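Residues per chain are reported as follows:
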Amino acid sequence: MFSSTRCAFLSNSGLGGCSSLCDAQRKRSTRFRVVSMTPSSSRSGDRNGSVVMETPLKELKKESTVADVDNNPISAGGPQDVYGEDRATEDHFVTPWSVSVASGYTLLRDPHFNKGLAFTENERDAHYLRGLLPPSVIPQETQVKKMIQHVRQYQVPLQKYMAMMDLQERNERLFYKLLIDHVEELLPVVYTPTVGEACQKYGSIFMRPQGLYISLKEKGKIREVLRNWPEKNIQVIVVTDGERILGLGDLGCQGMGIPVGKLSLYTALGGVRPSACLPITIDVGTNNEKLLNDELYIGLKQRRATGQEYAELMHEFMTAVKQTYGEKVLIQFEDFANHNAFDLLEKYRSTHLVFNDDIQGTASVVLAGLVAALKLVGGNLADHRFLFLGAGEAGTGIAELIALETSKQTNAPLEEVRKNIWLVDSKGLIVSSRKDSLQHFKKPWAHEHEPVRNLVDAVNKIKPTVLIGTSGQGRTFTKEVIEAMASINERPIILSLSNPTSQSECTAEEAYKWSQGRAIFASGSPFPPVEYEGKVFVPGQANNAYIFPGFGLGLIMSGTIRVHDDLLLAASEALAAQVSQENFDKGLIYPPFTNIRKISAHIAANVAAKAYELGLATRLPQPKDLVKFAESCMYTPSYRSYR
């Protein structure tokens with residue numbers, strides 16, 4: 001039984017709603033144990049510790065002992081929000097706790113609940129913050145202004161990246177508020193191209209662990225390692241083994257910057273709650289000699305495991321994830337090398353909710369750009385001919401999705417529409433005479449044609465209307481190549497997609513200049529506007545960040561259990577529909593990122609609708625207005641008022 005003394009103790013510890021606890025206890029006797037987390041040597045008056053409620057949270061909810069419990073099982077990003085923290089407003093007070101009540105110095109060091117100088121006078125009294133903060137009270141909007149000025153003072157992008165990561169470790173909500181309010185400016189800082197440099201130098205800038213590291217040392221006990229992660233309601237995992245980071249190659253354990261960056265965008269752009277996101281790096285070694293000889297390298301200093309040893313580790317990981325987090329956890333593969341990426345996707349797509357962003361996400365965003373571009377050049381997909389430089393994960397993934405959409409539109413067999421799509425790899429045009437030596441994922445694109453060795457000859461012979469670069473090789477769209485495309489087409493579509501900027505097949509300036517301003521251009525990494533003959537061209541960005549946050553939200557909010565190709569097509573169609581006439585007038589085939597959360601909501605709704613149609617959704621009944629439902633599920637980073 002709770003006594004009045006215990007009620008007073010909880011009240012003094014910063015736990016609001018004590019009277020409701022006592023009232024509930026009068027109705028039903030339940031045994032509680034309250035444990036002070038302060039060291040035994042601490043003074044009895046020390047308020048910097050945490051108070052842990054050891055009664056299960058479900059029992060608390062049943063007893064209605066916490067005033068701000070949200071009885072709706074679906075909250076921001078999908079998972080159950082026991083304390084209604086994500087649905088609270090400034091008029092709906094919450095207590096800064098999930099299992100423990102933070103106060104004093106501990107509260108200021110907790111990035112999930114820290115508000116810095118935004119703590120009000122009452123909150124400073126209630127949570128023992130007097131004297132631990134300067135006297136000024138500053139609202140979140142003012143903090144955002146201060147932080148964007150702080151980030152802008154750095155001239156080096158990597159320094160801006162480090163400033164943002166430092167903020168994320170100090171004040172999570174301010175980080176996301178800043179990122180959302182200045183998304184176009186900060187997206188290149190926390191994502192491509194800067195994240196590539198951050199991964200290259202991860203060992204030297206590494207300050208505090210982010211995410212979960214699973215190495216060969218953990219083989220046989222991966223499920224135990226997953227349990228070490230403090231959050232239990234995980235809904236999205238982004239995992240990499242670091243073998244093919246962007247266009248930079250094998251960065252081993254330092255590839256962690258990619259899952260961390262991707263999941264930041266899941267929250268900022270797609271509204272998935274941060275606590276539901278888990279970044280993971282699988283460390284099986286590295287073949288990068290520079291890293292193996294670097295004393296600051298943070299990963300295993302051994303050559304990469306391959307074959308059965310690698311397959312067994314990955315299978316244990318996939319099994320452990322499903323056992324720990326359930327059937328509906330989304331596992332997003334990032335930056336695996338070709339020889340593993342296709343095999344992993346094929347092996348687990350029928351048993352897990354898996355998505356490869358390099359294969360499927362890139363394909364979806366490029367298809368959306370192409371569908372939008374048709375409004376500028378006319379015709380439909382079947383009227384165009386596509387030529388790719390690069391036949392790896394991205395190239396073949398895009399090609400297949402284009403073929404699927406074309407087949408859907410025309411009812412033509414998939415094998416027939418593939419004949420309009422041609423790929424060039426390091427050995428030249430992929431043709432049928434090379435079929436015996438090709439990797440399995442390239443064979444569907446081996447058409448009847450004489451061998452062609454270089455790209456400019458392939459352009460002149462195939463006469464494509466669309467040129468797509470996924471090679472990871474910078475400056476391979478030469479002046480001759482662009483001029484050849486411009487001589488064949490009035491409005492050539494040129495997509496230079498390789499990341500980071502240094503690996504882009506051509507720059508925006510080169511594409512516009514060499515095509516006499518006639519090219520419809522988009523790139524993987526951002527380029528600034530270009531002035532040519534008195535006209536300003538704004539290059540588009542075929543950035544996966546348009547797709548995967550909304551796509552993931554759509555899977556989560558519908559409880560989808562498997563990823564079907566039609567869901568990717570639904571995402572592409574939703575993104576293409578968001579391009580306005582004003583965007584087309586500027587030559588853009590993608591909408592601006594300033595509206596990305598609205599765009600993500602429409603993508604999520606379209607994906608969810610298709611999942612319900614295909615019978616893949618498990619969250620029933622289906623909401624009547626999926627767009628509004630998606631928006632209601634989105635995490636918002638505004639500060640909450642604490643009791």
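The name given to the protein chain in an unreviewed UniProt entry is Malic enzyme, and the organism recorded there is Glycine max. UniProt lists a comment for the protein chain under the heading Sequence similarities (unreviewed entry), and it reads "Belongs to the malic enzymes family."

## Section: the sheet that holds strand S8 (residues 353-356)
Within the open sheet, the 5 strands sit side by side as S4-S6-S5-S7-S8. Their pairing is parallel. Here the strands that pair on one side only, and so sit at the sheet edges, are strand S4 (212-215) and S8. Across the sheet, the axes of successive neighbouring strands diverge by a mean angle of 25°, strand direction being ignored. One ladder, built from 4 bridges, connects strand S7 (residues 330-333) with S8; its direction is parallel. Note on S8: the bridge partner recorded for Leu330 is Leu353. Packed onto the sheet, helix H13 (residues 257-270) meets strand S5 (236-240), strand S6 (277-283) and S7 and runs at close to 165° relative to S6. Docked against the sheet, helix H17 (residues 357-377) engages S7 and S8, running at close to 70° with respect to S8.

## Here's the deal with the pairing of strand S10 (residues 421-425)
Looking along a regular strand, one sees side chains alternate from face to face of the sheet. Summarising burial for S10: 5 of the 5 residues are buried, a large majority. The alternating pattern of S10 places Ile421, Leu423 and Asp425 and Trp422 and Val424 on opposite faces, both of which are buried. Of the strand pairs in this sheet, strand S9 (residues 386-389) and S10 are connected by 4 bridges, and their pairing is parallel. Considered in S10, the bridge of Leu389 is made with Val424. In the sheet, S10 pairs with strand S11 (residues 428-429) via 2 bridges, with the strands oriented antiparallel. The residue bridging Val424 from the neighbouring strand is Leu429, located in S11.

## Some thoughts on H17
Look at H17: 28 Å from first C-alpha to last across 21 residues, which is about the 30 Å you get at 1.5 Å a residue. Summarising burial for H17: 17 of the 21 residues are buried, a large majority. Among the residues of H17, the N-terminal cap falls to Asn356, whose side-chain oxygen and the backbone nitrogen of Asp358 are separated by 2.9 Å. Note on H17: the residue one or two positions beyond its end, Gly378, has a positive phi of about 85°.

## Structural notes on the sheet that holds S9
In space, the 7 strands of this open sheet follow the order S11-S10-S9-S12-S13-S14-S17, with mixed pairing throughout. The sheet terminates laterally at S11 and strand S17 (540-541), the two strands that pair on one side only. Sheet strands in contact with helix H20 (residues 455-462) are S9, S10, S11 and strand S12 (466-469), and its direction is about 170° off that of S9.

## Some thoughts on the environment of Ala382
Mapping Ala382 onto the fold places it in the loop between H17 and S9. Given a relative accessible area of 32%, Ala382 falls into the partly exposed group. For the pair Ala382 and Gln409, spaced 27 residues apart in sequence, the C-alpha separation works out to 8.4 Å. The contacts of Ala382, once residues within four sequence positions are left out, are Thr406, Thr410 and Asn420.

## Examining the side chain of Thr192
Considering the arrangement of structural elements, one finds Thr192 in the loop between helix H9 (183-190) and helix H10 (194-200). The contact partners of Thr192, leaving out residues within four places of it in the chain, are Leu187, Leu246, Asn499, Gly524, Ser525, Pro526, Gln541 and Asn543.

## Points about the pattern of salt bridges
Under the criterion given, the structure shown has 30 salt bridges. Asp181 is the partner of Lys177 in a salt bridge, and the nearest nitrogen-oxygen pair spans 3.7 Å. Taken together, the residues Lys177 and Asp181, both in helix H8 (residues 172-181) and 4 residues apart, mark about one turn of the helix. Judged by relative accessible area, Lys177 falls into the buried class, the value being 18%. Residue Glu393 pairs with Arg244 through a salt bridge whose shortest N-O separation is 3.3 Å. In this pair, Glu393 is assigned in helix H18 (residues 393-410) and Arg244 in the loop between S5 and H13, connecting sequence segments 149 residues apart.

## What to know about the packing of helix H26 (residues 596-614) against helix H27 (residues 626-633)
At a closest axis distance of 8 Å, the pairing of H26 and H27 adopts a crossing angle of 120°. Overall, the two elements H26 and H27 adopt an arrangement that is oblique. In this structure, the crossing between H26 and H27 has a hand that is right-handed. In contact with Ala601, His602, Ala604, Ala605, Ala608, Ala609 and Tyr612 of H26, H27 contributes Leu626, Val627, Ala630 and Glu631. Looking at the contact of H26 with H27 residue by residue, the classes come out as 9 nonpolar, 1 polar and 1 charged.

## Examining helix H7 (residues 157-170)
If you check H7, its first and last C-alpha atoms are 20 Å apart, about what 14 residues at 1.5 Å a residue would give, namely 20 Å. Three or more residues of H7 are buried, namely Leu158, Tyr161, Ala163, Met164, Met165, Leu167 and Gln168. The inward-facing, buried residues of H7 abut helix H6 (140-152), H8, H9, H10, helix H11 (202-205) and H13.

## Quick look at the packing of aromatic side chains
Two descriptors summarise a pair of aromatic rings, namely the distance from one centre to the other and the angle between the planes of the rings. Throughout the structure, instances matching the rule amount to 14 aromatic pairs. Plain terms: the ring middles of Tyr512 and Phe521 are 6.0 Å apart, the flat faces sit at 65° to each other, and that makes the pair edge-to-face. For the pair Tyr512 and Phe521, a shared accessibility class is recorded, and that class is buried. Judged by centre distance (4.7 Å) and plane angle (20°), the rings of Tyr512 and Phe537 are stacked. Here the residue Tyr512 occupies a position in helix H22 (residues 508-514), and Phe537 occupies one in strand S16 (residues 535-537), the gap between them amounting to 25 residues. Given a relative accessible area of 9%, Phe537 falls into the buried group. The structure contains a cluster of three or more aromatic residues connected by ring pairs, namely Tyr512, Phe521, Phe527 and Phe537. Over the ring of Tyr642 we find Lys115; its NZ or CZ atom is 4.7 Å from the centre of that ring. Between the NZ or CZ atom of Arg418 and the centre of the ring of Trp445, over which it lies, the distance is 5.5 Å.

## Some words on the packing of H8 against H13
The geometry of H8 relative to H13 is characterised by a closest axis approach of 9 Å and an angle of 75° between their N-to-C directions. It follows that H8 is roughly perpendicular to H13 by the angle criterion. Contacts from Phe175, Tyr176, Leu179 and Ile180 of H8 reach H13 at Leu263, Ser264, Leu265, Thr267 and Ala268. Class assignment of the residues belonging to the contact of H8 with H13 gives a composition of 7 nonpolar, 2 polar and no charged.

## Quick word on empty space enclosed by the protein
Counted according to the given criterion, the structure contains 2 cavities of 30 Å³ or more. Computed from the structure, the second largest cavity encloses a volume of approximately 30 Å³. Lining the second largest cavity are Leu370, Leu374, Leu381, His384, Phe386, Val466 and Ile493. Class assignment of the residues belonging to the lining of the second largest cavity gives a composition of 6 nonpolar, 1 polar and no charged.

Cut-off values and rules
Here the residue numbering is sequential within each chain, running from 1 through the sequence in written order. Reporting in this predicted model follows two pLDDT cut-offs: at least 70 for local features of residues, and 80 or more for side-chain atom pairs to be given and counted; totals over whole chains, interfaces and linings ignore these cut-offs and use all residues. Computation of side-chain values covers all heavy atoms of the structure but excludes hydrogens and water. UniProt positions are given in the numbering used here, feature names are shortened, and annotations may be inferred rather than shown by experiment. A pair of strands counts as paired when DSSP detects no fewer than two bridges linking them. Put simply, DSSP H or I for four residues or longer makes a helix, DSSP E for two residues or longer makes a strand, and each gets a number counted from the N terminus. For helices, the fitted axis covers only the stretch in contact; all axes are lines through C-alpha atoms, and the angles between them, taken along N-to-C directions, range from 0 to 180 degrees. Residue contacts follow a heavy-atom distance rule, with two residues in contact if any of their heavy atoms lie within 4.5 Å. Burial classes: relative accessible area under 20% of the type maximum marks a residue as buried, over 50% as exposed, and values in between as partly exposed (1.4 Å probe, protein chains only). Helix span, as expected, comes to 1.5 Å for every residue beyond the first. Any N or O atom pair separated by 3.5 Å or less is treated as a polar contact, with the protein-specific requirement of one donor-capable and one acceptor-capable atom, and with residues adjacent in sequence counted only for side-chain atom pairs. Take a side-chain nitrogen of Lys or Arg and a carboxyl oxygen of Asp or Glu: if they are within 4 Å of each other, that pair is a salt bridge. Angle categories: roughly parallel below 35 degrees, roughly antiparallel above 145, roughly perpendicular from 65 to 115, and oblique for all the rest. In this scheme the handedness of a crossing depends on how the near helix is turned from the far one: anticlockwise by less than a right angle means left-handed, clockwise means right-handed. Put simply, Ala, Val, Leu, Ile, Met, Phe, Trp, Tyr, Cys and Pro go in the nonpolar bin, Asp, Glu, Lys and Arg in the charged bin, and everything else, Gly too, in the polar bin. Stacked, tilted and edge-to-face pairs are distinguished by plane angle, under 30 degrees for stacked and over 60 for edge-to-face with tilted covering the rest, among Phe, Tyr and Trp rings (Trp via its six-membered ring) whose centres lie within 6.5 Å. Over a ring means this: the NZ of a Lys or the CZ of an Arg is within 6 Å of the ring centre and within 35 degrees of the ring normal. Using a grid of 1 Å spacing that covers the protein atoms alone, one calls a set of points a cavity when a 1.4 Å probe fits there but cannot get out, and a pocket when the set is open and has protein on both sides within 12 Å along at least five of seven lines; lining residues are those with an atom within 4 Å of a point. Grid points are joined across faces, edges and corners, and a volume is the space filled by probe spheres set on the points.

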